[in-house]
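Chain by chain, the residues run as shown.
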Amino acid sequence: GTLPKELGLLEFLDYLNVRNNKLSGTLPTELYQLTSTTLLSLSSNLMTGTLPAELGQLTALIFLDISSNLMKGAIPTELGRL
């Protein structure tokens, strides 16, 4: 399956752990609305695409795990500002 776009509606979501769920596809743009989220674990799935610079909008983010996926490309510099 894929991550539902409705995740973006959860404005007070503290952490999201969907590790090892066989999720596929790219990160939905609605994910960038989770500005209160401190932990985002998407590891051990089948996620594709690149890591978008918009993840830098998650200013409360403390922990990000995207390991063991099929994503490619560079880590955006915006993530270094978190």
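In this convention, every chain numbers its residues from 1, walking through the sequence in written order. The model is predicted, so local features are restricted to residues of pLDDT at least 70 and side-chain atom pairs to those at 80 or more, both for listing and for counting; the totals for chains, interfaces and linings are taken over all residues. Hydrogen atoms and water are omitted, and side-chain values are computed over all heavy atoms in the structure.

## Let's talk about the environment of Asn 21
Here is step 1 of the chain: Secondary structure elements are taken from DSSP: a helix is a run of H or I of four residues or more, a strand is a run of E of two residues or more, and numbering for both begins at the N terminus. Looking at the element boundaries, Asn 21 is found in the loop between strand S1 (15–17) and strand S2 (24–25).
Here is step 2 of the chain: Between the C-alpha atoms of Asn 21 and Leu 42, which are 21 residues apart in sequence, the distance is 8.7 Å.
Here is step 3 of the chain: In this structure the side chain of Asn 21 is engaged in a polar contact, spanning 3.0 Å, whose partner is the backbone oxygen of Arg 19. Within 3.5 Å is the distance limit for a polar contact, defined as a pair of N or O atoms, with the added protein rule that one can donate a hydrogen and the other accept it, and that residues adjacent in sequence qualify only through two side-chain atoms.

## What about the sheet that holds strand S3 (residues 39–41)?
Here is step 1 of the chain: Between any two strands, at least two bridges found by DSSP are needed for them to pair. Taken in spatial order, the three strands line up as S1-S3-S5 in an open sheet, and their pairing is parallel. Edge positions in the open sheet fall to S1 and strand S5 (63–65), since each of these has one partner strand only. Ignoring strand direction, the axes of neighbouring strands in this sheet form an average angle of 10 degrees.
Here is step 2 of the chain: Pairing analysis gives three bridges linking S3 to S5, with the strands arranged parallel. By the bridge assignment, Leu 39 is partnered in S5 with Phe 63. Under this scheme, a helix contributes an axis fitted over its contacting stretch, all axes are lines through C-alpha atoms, and angles between N-to-C directions fall in the 0 to 180 degree range.

## Focus: the environment of Gly 1
Here is step 1 of the chain: By the element assignment, Gly 1 lies in the segment before S1.
Here is step 2 of the chain: Note on exposure labels: buried denotes an accessible area under 20% of the residue type's maximum, exposed denotes more than 50%, and partly exposed covers the range between, all computed with a 1.4 Å probe on protein chains only. For Gly 1, a relative accessible area of 66% translates into the label exposed.
Here is step 3 of the chain: It is 5.0 Å that separates the C-alpha atoms of Gly 1 and Leu 23, two residues lying 22 residues apart in sequence.
Here is step 4 of the chain: Contact between two residues is taken to exist if any of their heavy atoms lie within 4.5 Å; hydrogens are not considered. In this structure, Gly 1 is in contact with Lys 22, Leu 23 and Ser 24, ignoring residues within four places of it in sequence.

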